[in-house]
Amino acid sequence: MTWQLRRARQRDVDAIMVLETSIFVNDAWSNGMMTRDIADPSCYYLVAFPPDEPENIVAYAGLLAPAGAVEGDIQTIAVAPSARRSGLGRTLIQSLITEARKRGAREVFLEVRADNPEAQRLYARLGFEDVGVRRGYYQPDGVDAIVMRARIDEPVTTLATDAAAEATEECE
Ligand SMILES: CC(C)(COP(=O)(O)OP(=O)(O)OC[C@H]1O[C@@H](n2cnc3c(N)ncnc32)[C@H](O)[C@@H]1OP(=O)(O)O)[C@@H](O)C(=O)NCCC(=O)NCCS
């Protein structure tokens, strides 16, 4: 399957909320919370859609990463059931991590329901590790949140041996 991504806009909120309320039910954010986050320059929200159907939103994900802060937070991610298991969730999280890196974050945190092994597996595959538990965090269900963290390492580059030899030769 092929999808396109773009930055979320205010006029996407209604389409996002259709997914949000049907997927998260008791944990769903309100329209106001979603509207505020998408408008917040400290946040970065992406939406996914089939090629050339930019209003047909099938997934979204959001990052909170204020400029200059060393920590970022994955605020949310949801993929419509019909679009799952095609790598979209992974691509969205990777895109948010790339943006967090650009904004200077060195670590990205998230909370995930203890009874959501699919999402935990997605995050683990992307390098997130468990760092704590928030008891009864998800209300009214009283389900624990597992806190996960991924470190964003500084890129380290060195000249490959062959390239170093060539560079030396060129200087001679
Ligand atoms: C969790 C969710 C975002 C994953 O989206 P997705 O597009 O289906 O995920 P991907 O196809 O990119 O899968 C990436 C990896 O995640 C894991 N994964 C995703 N869905 C899984 C499932 N149902 N069962 C087991 N592992 C799963 C796998 O390791 C998968 O890699 P693989 O396909 O190579 O095995 C999606 O299932 C969803 O929207 N769930 C409801 C909302 C939700 O739980 N959000 C997270 C809140 S913290």
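Not measured: the values here are computed from a predicted model.

1. Some remarks on the overall build of the protein chain
- Looking only at helices and strands, the protein chain features five helices and seven strands.
- By residue count, 40% of the 172 residues in the protein chain fall in the buried class.
- Here the contacts in the protein chain between residues at least 6 apart in sequence split such that 61% fall between residues at least 24 apart.
- Here the protein chain displays about 10000 Å² of accessible surface, and carbon together with sulfur accounts for 49% of that area.

2. A look at the site of the ligand
- The environment of the ligand is made up of 21 residues, and the closest members are Val79, Arg85, Gly89, Arg90 and Asn116.
- Contact with the protein chains covers 83% of the free accessible surface of the ligand, which is 910 Å².
- Mapping the ligand onto the cavity grids shows that it belongs to the largest pocket.
- Listing elements by their share of the shell around the ligand, those giving two or more residues are helix H1 (13-24), strand E4 (71-79), helix H3 (88-102), strand E5 (107-113) and helix H4 (117-125).
- For the shell around the ligand, the leading source of residues is H4, giving six residues.
- In terms of residue class, the shell around the ligand is built from ten nonpolar, four polar and seven charged.

3. Describing the layout of surface pockets
- In this structure, the largest pocket occupies an estimated 1300 Å³ of space.
- Lining the largest pocket are 37 residues, with Ile77, Asn116, Ala119, Leu122 and Tyr123 positioned closest to its centre.
- The element best represented in the lining of the largest pocket is E4, accounting for seven residues.
- By residue class, the composition of the lining of the largest pocket is 18 nonpolar, eight polar and eleven charged.

Parameters at a glance
Residues numbered from 1 in each chain as written. Predicted model: local features only at pLDDT ≥ 70, side-chain atom pairs only at ≥ 80, totals over all residues. Heavy atoms only, no water. Helix = DSSP H or I, 4+ residues; strand = E, 2+ residues; numbered from the N terminus. Buried < 20%, exposed > 50% of the residue type's maximum accessible area, 1.4 Å probe, protein only. Contact = heavy atoms within 4.5 Å. Areas by Shrake-Rupley, 256 points an atom, 1.4 Å probe, with all protein chains shown as cover. Near = heavy atom within 4 Å. 1 Å grid on protein atoms, 1.4 Å probe; cavity = no way out; pocket = protein on both sides within 12 Å on 5 of 7 lines; lining within 4 Å. Sits in = over half its atoms within 2 Å of the grid points. Nonpolar A, V, L, I, M, F, W, Y, C, P; charged D, E, K, R; others polar. Points joined across faces, edges and corners; volume = space filled by probe spheres on them.

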